[in-house]
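Geometric and topological summary
Chain by chain, the residues run as shown.
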Amino acid sequence: MDIQLFNGLHDRLEIFKPIQPGKVTMYVCGPTVYDFVHIGNLRPLVVFDVLKKLFLALGYQVHHVSNYTDIDDRIIEKARKENVDEATIAKRYIQAYQQDVAKMNALLPDESPTVTEHLKAMITFIAKLIDEGFAYKTPSGDVFFRVNKIKQYGQLSHVDIHENKMGARVEVNPDKENPFDFALWKHTTQGITFEAPFGKGRPGWHTECVVMIKETFKQTLIDIHGGGFDLKFPHHENEMAQAQAAYQTPLANYWLHNGFINLNAEKMSKSTGNIFLAKDFLATYSGPLLRYLLLSTHYRMPVNISQLIIDNAQQELKKIQTGLAQLATFIQLNGGNISDQQAVPPLTFLAALADDINTSNALTILHQTFKETHALLRQTSPSIEVLLNRFFTIQAMLSILGLAIEFPILTADDRQLYADYVQAKSNQNFGRSDDIRKILHKRNILF
RNA sequence: GGUUCCUUAGCCAAGUGGUAAGGCAAUUGACUGCAACUCAAUCACCAUCGGUUCGAUUCCGAUAGGAACCUCCA
């Protein structure tokens, strides 16, 4: 099955062709660990997790890397404020992030490199760019990339370096040869600093991903590079420019960007306080709910979050939860054995996801399957074998979508209680049957 | 100013050059001891105005409204 992806490099849908047949190399820009992440930070996590699971389901071998930016001005600032070192801050928020990832039921990347681990390689990389004339040192000690040397610059984000509209909003550093030139190395004496042949300082953000890709994949060109839309410029454009300079490659063949999550129809922003931290959402609601919310919209479209929309999604998710629990219960009460079993999701389901990760359509197929299954359950004596088949099919779909939906595994006590319930009802002892019903309802067995 | 993008029923949302998937909510009916669950049925002139076309929600242009990026940002 062909996978079609919207490639931001060419702004069109393209059939995915891996560099090596059957293998996918995928790098997703990870969080800067200076604070707790908000729910928007979790969108790329979900999008690329589904894509990864699709690749795996289709038999690809996936090498997935996602970094932590652990050297950054905001981290340094926070460390100074709290009077601790930068590593303490980074460690704290990496741990917090990982807890969120676990709750979102996302597969961990195969590698999660950090800037501090790859500093030496970054310094070597920057030195090479200077040697080859792609970068220059300014009197103040910064090292800038020379965008004029890259004829493809602007390919990804459609910026025109000759238009020179930059500086309309921000004062341009007079040391820059071109306003679009960006820092590879910042000379500084504040916060954590590192020794380099071109001076004491710390690396700029855009270099880390280029270097980490080379270091982790041992390749200068990978298949997929992903991240949020806002990363397109300047971050990804600048990564690509460095790769063009150092490796003569565009760094990745497919550049994927997810849309934003808005809160009450406004961009999430710390300064305005319009922000929903992931840990708060996950504590108030659940991982599956956030997953469901994100999956119901195409990944390139914005998602708006409001109380109304959350409530709505909760209703929808409840249907799936109820449906799965009912199916699981019925099968077990009728002698079926629900144990782990491999099942293949419907072809239509995979095809939906293979069509530029159309999770919305994939959910439609999930809903259809539930509807058909409910119809089966209403029959007088449905085939357990057929129902089991349905159950595993649904499980396979949920697994790719990453929706961790719980269902009951009946204990002897559950079974006895259920038998009592049926008995009480047939004896028209409704007081007792209602009591038992309440217990079974709590156990996710009766509804 | 430059560059992207969006506008589909009360809500969420997919999609296509030949007259609109799916879900939630709602209404009606069935099932039930009563409920719940579930099932069935009902529920859209695809922002506006032009153009191209035998035919446009789908392509092109304009208008209105909204968003993002151009500065750290998922």
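First things first, this report covers the structure right here in the doc. (Residues numbered from 1 in each chain as written. Chains lettered and ligands numbered in written order. Predicted model: local features only at pLDDT ≥ 70, side-chain atom pairs only at ≥ 80, totals over all residues. Heavy atoms only, no water.)

With that out of the way, let us pick up the overall build of chain A. Within chain A one finds 14 helices and 13 strands. Expressed as lengths along the three principal axes of its C-alpha atoms, the size of chain A is roughly 95 × 50 × 35 Å. Expressed as a percentage of contacts within chain A between residues at least 6 apart in sequence, the contacts between residues at least 24 apart total 76%. Of the roughly 21000 Å² of accessible surface on chain A, a fraction of 50% belongs to carbon and sulfur atoms. Here chain A holds 45 positive side-chain charges and 47 negative ones, and the gap between their average locations is 4 Å. (Helix = DSSP H or I, 4+ residues; strand = E, 2+ residues; numbered from the N terminus. Contact = heavy atoms within 4.5 Å. Areas by Shrake-Rupley, 256 points an atom, 1.4 Å probe, with all protein chains shown as cover. Lys, Arg positive; Asp, Glu negative; His and termini not counted. Charge placed at Lys NZ, Arg CZ, Asp CG, Glu CD.)

Bringing the sheet that holds strand β8 (residues 201-203) into the picture now. Sheet architecture is open: 4 strands sit in the order β5-β6-β7-β8, paired in antiparallel fashion. Taken across any chain shown, the strands that pair with only one partner, and hence form the sheet edges, are β5 (135-137) and β8. Strand-to-strand twist in this sheet, taken as the mean axis angle between neighbours without regard to direction, amounts to 20°. Here 3 bridges tie strand β7 (residues 183-187) to β8, and the two strands are oriented antiparallel to one another. Note on β8: the bridge partner recorded for W185 is P203. On top of the sheet, helix α4 (residues 119-131) reaches β5, β6 (143-145), β7 and β8; it is set at about 110° to β7, its chief contact. (Pairing = 2+ DSSP bridges. Axes fitted to C-alpha atoms, helices over the stretch in contact; angles between N-to-C directions.)

Before going further, it helps to examine the layout of surface pockets. Rolled over the atoms, a probe as big as a water molecule pinpoints where empty space is left. The computed volume of the second largest pocket comes to approximately 410 Å³. Around the second largest pocket, the lining is made up of 19 residues, and of these Q341, Q342, Q395, A396 and S399 lie nearest the centre. Elements with a minimum of two residues in the lining of the second largest pocket: α1 (42-57) and α12 (384-401). It is α12 that provides the largest number of residues to the lining of the second largest pocket, a total of 6 residues. Across the lining of the second largest pocket, the residue classes break down as 12 nonpolar, 5 polar and 2 charged. (1 Å grid on protein atoms, 1.4 Å probe; cavity = no way out; pocket = protein on both sides within 12 Å on 5 of 7 lines; lining within 4 Å. Points joined across faces, edges and corners; volume = space filled by probe spheres on them. Nonpolar A, V, L, I, M, F, W, Y, C, P; charged D, E, K, R; others polar.)

Applying the stated rule across the entire model yields 1 cavity of 30 Å³ or more. Taken as a whole, the largest cavity encloses approximately 60 Å³ of empty space. As for the largest cavity, its lining consists of R43, V46, V47, V50, L294, L295, T297, Y299, I357 and T359. Contributions of two or more residues to the lining of the largest cavity are made by α1 and α8 (287-295). The leading source of residues in the lining of the largest cavity is α1, at 4 residues. Split into classes, the residues belonging to the lining of the largest cavity amount to 7 nonpolar, 2 polar and 1 charged.

Turning our attention to helix α14 (residues 430-442). Under the 1.5 Å per step criterion, the end-to-end length of α14 is 18 Å for 13 residues, consistent within 8% with the ideal 18 Å. Listed in full, the buried residues belonging to α14 are S433, I436 and L440. Projected onto a plane normal to the axis of α14, the buried residues spread over an arc of 65° and lie on a single side. Residues of α14 that are exposed and angled more than 90 degrees away from the buried face: K438 and K442. Positive backbone phi, at 70°, marks N444, one or two positions downstream of α14. (Expected span 1.5 Å × (residues − 1). Buried < 20%, exposed > 50% of the residue type's maximum accessible area, 1.4 Å probe, protein only. Arc of directions from axis to C-beta.)

In this section: the pattern of salt bridges. Summed over all chains, the structure comprises 19 salt bridges. Residues participating in the shared-partner salt-bridge network are D49, K53 and R291. (Salt bridge = Lys/Arg side-chain N within 4 Å of Asp/Glu carboxyl O.)

Now for the environment of V303. Looking at the element boundaries, V303 is found in strand β13 (residues 303-305). Along the chain, V303 and G259 lie 44 residues apart, while their C-alpha atoms are 7.5 Å from each other. Not counting the four nearest positions on each side in its chain, V303 is found in contact with R43, F260, I261, N262, L293, L294 and T297.

Remark: helix α11 (residues 359-377) packs on α12, axes separated minimally by 11 Å, with the N-to-C direction vectors making an angle of 160°. In terms of orientation, α11 lies roughly antiparallel with respect to α12. Handedness of the α11/α12 crossing: left-handed. Mapping the contact onto sequence places A362, L363, I365, L366, T369, F370, E372, T373, L376 and L377 in α11 and V386, L387, R390, I394, M397, L398 and L401 in α12. For the contact of α11 with α12, a count of residues per class yields 13 nonpolar, 2 polar and 2 charged. (Parallel < 35°, antiparallel > 145°, perpendicular 65-115°, else oblique. Left-handed = near helix turned anticlockwise from the far one by under 90°.)

This part covers the environment of A243. Mapped onto the fold, A243 is located in helix α6 (residues 232-247). Distance in space between the C-alpha atoms of A243 and V210 is 6.7 Å, their sequence separation being 33 residues. Excluding its chain neighbours within four sequence positions, the residues that come into contact with A243 are V210, Q248, T249, P250 and L251.

Once that is clear, we can look at α6. For an α-helix, the turn length of 3.6 residues means that residues three or four places apart are oriented alike. In terms of burial, α6 is a largely internal element, 14 of the 16 residues being buried. Looking at the residues trailing α6, positive phi occurs at Q248, about 60°.

Bringing the pairing of strand β2 (residues 12-15) into the picture now. Two elements, strand β1 (residues 4-7) and β2, share 4 bridges in a ladder whose sense is antiparallel. Its bridge partner lying in β2, N7 is registered against R12. Taken together, β1 and the strand that follows it, β2, pair antiparallel across an intervening segment of 4 residues, in which D11 is found at a positive phi of about 55°.

The strands making up a sheet associate through backbone hydrogen bonding, with each pair oriented either parallel or antiparallel. One open sheet accounts for 4 strands, arranged β4-β3-β9-β10; its pairing is parallel. Each having just a single partner strand, β4 (61-66) and β10 (252-258) make up the two edges of the open sheet. Here the average twist between neighbouring strands, direction ignored, is 20°. Alignment of strand β3 (residues 23-28) against β4, held across 6 bridges, turns out to be parallel. Residue pairing across strands places K23 opposite Q61, the latter belonging to β4.

If a strand is regular, its side chains alternate between the two faces of the sheet. Among the 7 residues of β10, 6 are classified as buried, and the element is accordingly described as predominantly covered. Two elements, strand β9 (residues 222-228) and β10, share 6 bridges in a ladder whose sense is parallel. Counted as the bridge partner of G227 is H257 from β10. With α6 bridging β9 and its parallel neighbour β10, the resulting β-α-β unit is right-handed. (Right-handed = clockwise from strand over helix to strand, strands pointing away.)

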